[in-house]
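An overview of the molecular structure
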Amino acid sequence: MQADVRDPGAVRAAFAQVKERFGPVLVLVNNAGVRDDGLALRMSDEAWSAVLDTNLTGAFHCTRQALSSMLSARWGRIVNVSSIVAERGNPGQANYAAAKAGLLGLTRTIAREMARKDITCNAVTPGVIDTEMTAEGVAEALVAAVPAGRVGRPEEVAAAIAFLCSPEAAYVNGATLAVDGALGA
Amino acid sequence: MSDSPHSDEQILQAIRDELTRIKVPDAEKATMSTDWRDLDVDSLDLVELVTALEDRFTVKIADGELKEISGVGDAVRLVQRLSDAGAPA
């Protein structure tokens, strides 16, 4: 099943399809993300909007849809996949860092709005992870700066997300969990 | 004069039912003179209630109108008015 998260109508339709086939969405992981790097001084409007639209607005579209079924169930788990650059910034990623920092604001606000309904919303901030996105070029200097001495594996981020979605994490709400080999410490 | 297809009592009962569904304590005791504060209905509860009433009575309640609903009676009258407006001539 695919949907363009930038398009609220497509997201609505996708959630309706999921509901029909699998039941209401009670766990949502906002992981859709793109990057289009360049120094802010020369960043195009298109590059700015493309990254914000997918990485931040897309998460909002999905969250809005999911909250409806979560409210009916009086239970829900939302995890936003942010980034270490949300808190540190990163030259060449004004759009990406702004979107990922926006996700943290979204996370905390949804957590506060929904806390009484047993719906949690948390974020993870991965550091340098071995994915297609970073395969395009991770500066050796950046990897060398990771105190753990290596890049992270996707399954290590997934494990943190799985915890935040578990019943045991019921009282963890509005939190940001770093998964970065101590890069942000 | 009203051409509304719904009586006040029907709308009131729908509000009690929806408040019960969203787990508002003492929802079944709601009357036309009950304020949200009496029932500890918060802003999120109100949004849920309004969404449910929109679906149930096929009306559209604007955000601006939401602010003017301070209790059960206001909600009943608003649904009644919107139903009137939407009723066939």
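Keep in mind the model is a prediction, meaning the values are calculated, not measured. (Residues numbered from 1 in each chain as written. Chains lettered and ligands numbered in written order. Predicted model: local features only at pLDDT ≥ 70, side-chain atom pairs only at ≥ 80, totals over all residues. Heavy atoms only, no water.)

**With respect to the overall build of chain B**
- Per the secondary structure count, chain B includes 5 helices and 0 strands.
- Since a compact globule built from 89 residues should have a radius of gyration of about 12 Å, the 12 Å found for chain B is in line with a globular shape.
- Along the longest, intermediate and shortest principal axes, the C-alpha atoms of chain B span 40 × 25 × 20 Å.
- Contacts in chain B between residues at least 24 apart in sequence constitute 57% of all its contacts with a sequence separation of at least 6.
- In the form shown here, chain B has an accessible surface area of approximately 5,100 Å², with 52% of it arising from carbon and sulfur atoms.
- Averaging the coordinates of the 10 positive side-chain charges in chain B and doing the same for the 20 negative ones gives two points 1 Å apart. (Helix = DSSP H or I, 4+ residues; strand = E, 2+ residues; numbered from the N terminus. Rg over C-alpha atoms; globule rule 2.2 N^0.38 Å. Contact = heavy atoms within 4.5 Å. Areas by Shrake-Rupley, 256 points an atom, 1.4 Å probe, with all protein chains shown as cover. Lys, Arg positive; Asp, Glu negative; His and termini not counted. Charge placed at Lys NZ, Arg CZ, Asp CG, Glu CD.)

**Comments concerning unusual backbone geometry**
- With a phi angle near 60 degrees, Asp118(A) is a residue other than glycine that sits in the positive phi range.
- Inspection of the secondary structure assignment puts Asp118(A) in the loop between α4 (94-114) and β3 (119-126).
- With a phi close to 60 degrees, Asp26(B) is a non-glycine residue in the positive phi region.
- Structurally, Asp26(B) is set in the loop between α1 (8-21) and α2 (36-39).

**Thoughts on the pairing of strand β1 (residues 27-30) of chain A**
All names here are of chain A.
- Side chains Leu-28 and Asn-30 project from β1 onto a buried face, and the interleaved Val-27 and Val-29 project onto a face without burial.
- Pairing between β1 and strand β2 (residues 76-81): 4 bridges, direction parallel. Looking across to β2, one finds that Leu-28 is bridged to Ile-78.
- For the handedness criterion, the β-α-β arrangement of β1, helix α2 (residues 45-73) and β2 is classed as right-handed. (Buried < 20%, exposed > 50% of the residue type's maximum accessible area, 1.4 Å probe, protein only. Pairing = 2+ DSSP bridges. Right-handed = clockwise from strand over helix to strand, strands pointing away.)

**Comments concerning the interface of chain B and chain A**
- In this assembly, 8 residues from chain B lie in contact with 7 residues from chain A.
- Together, the buried faces of chain B and chain A total about 590 Å²; carbon and sulfur atoms form 42% of this surface.
- Broken down residue by residue, the surface that chain B buries against chain A is led by Asp42(B), Leu44(B) and Glu48(B), which jointly contribute 61%.
- Where chain B touches chain A, the interface holds 4 salt bridges.
- A salt bridge links Arg116(A) to Asp42(B); the nearest nitrogen and oxygen atoms lie 3.0 Å apart.
- Top contributing element to the side of chain B that touches chain A by residue count: helix α3 (residues 43-57) of chain B, with 3 residues.
- By residue class, the composition of the side of chain B that touches chain A is 2 nonpolar, no polar and 6 charged. (Buried area = accessible area lost by both parts, 1.4 Å probe. Salt bridge = Lys/Arg side-chain N within 4 Å of Asp/Glu carboxyl O. Nonpolar A, V, L, I, M, F, W, Y, C, P; charged D, E, K, R; others polar.)

**So, helix α1 (residues 8-22) of chain A**
All names here are of chain A.
- The terminal C-alpha atoms of α1 lie 21 Å apart, and with 15 residues this matches the ideal 21 Å at 1.5 Å per residue to within 8%.
- Listing the buried residues of α1 in full gives Val-11, Ala-14 and Phe-15. One face of α1 carries all of its buried residues, which in axial projection span an arc of 100 degrees. The exposed set on the far side of α1, more than 90 degrees from its buried face, consists of Glu-20 and Arg-21.
- Its buried side turned inward, α1 meets β1 and α2.
- A side-chain oxygen of the first residue of α1 lies 2.9 Å from the backbone nitrogen of Gly-9; this N-cap is Asp-7. (Expected span 1.5 Å × (residues − 1). Arc of directions from axis to C-beta. Polar contact = N/O pair within 3.5 Å; in protein donor to acceptor, adjacent residues only side chain to side chain.)

**Here's the deal with the environment of Gly127(A)**
Residues and elements named next belong to chain A.
- When you line up the elements, Gly-127 lands in the loop between β3 and α5 (132-135).
- Taking the C-alpha atoms as reference points, Gly-127 and Val-157, 30 residues apart in sequence, are found 9.5 Å from one another.
- Filtering out sequence-adjacent residues up to four positions away, Gly-127 remains in contact with Ile-84, Val-179 and Asp-180.

**A look at the side chain of Ser83(A)**
All names here are of chain A.
- You can see Ser-83 is positioned in the loop between β2 and α3 (85-88).
- For Ser-83, a relative accessible area of 6% gives the class buried.
- A distance of 3.1 Å separates the side chain of Ser-83 from the backbone nitrogen of Val-85, its partner in a polar contact.
- In this view, Ser-83 contacts Tyr-96, Lys-100, Val-124, Thr-125 and Pro-126; residues no more than four positions away in its chain are not counted.

**Let's talk about the sheet that holds β1(A)**
All names here are of chain A.
- Strand order in the open sheet formed by 4 strands is β1-β2-β3-β4, with parallel pairing between adjacent strands. Two strands lie at the open edges of the sheet, namely β1 and β4 (176-179), each paired on one side alone. The mean angle between the axes of side-by-side strands here comes to 20 degrees, regardless of whether they run parallel or antiparallel.
- By the bridge criterion, 4 bridges tie β3 to β4 in an arrangement that is parallel. Looking at the pairing, Thr-125 lines up with Ala-178 of β4.
- Packed onto the sheet, α4 meets β2, β3 and β4 and runs at close to 160 degrees relative to β3. (Axes fitted to C-alpha atoms, helices over the stretch in contact; angles between N-to-C directions.)

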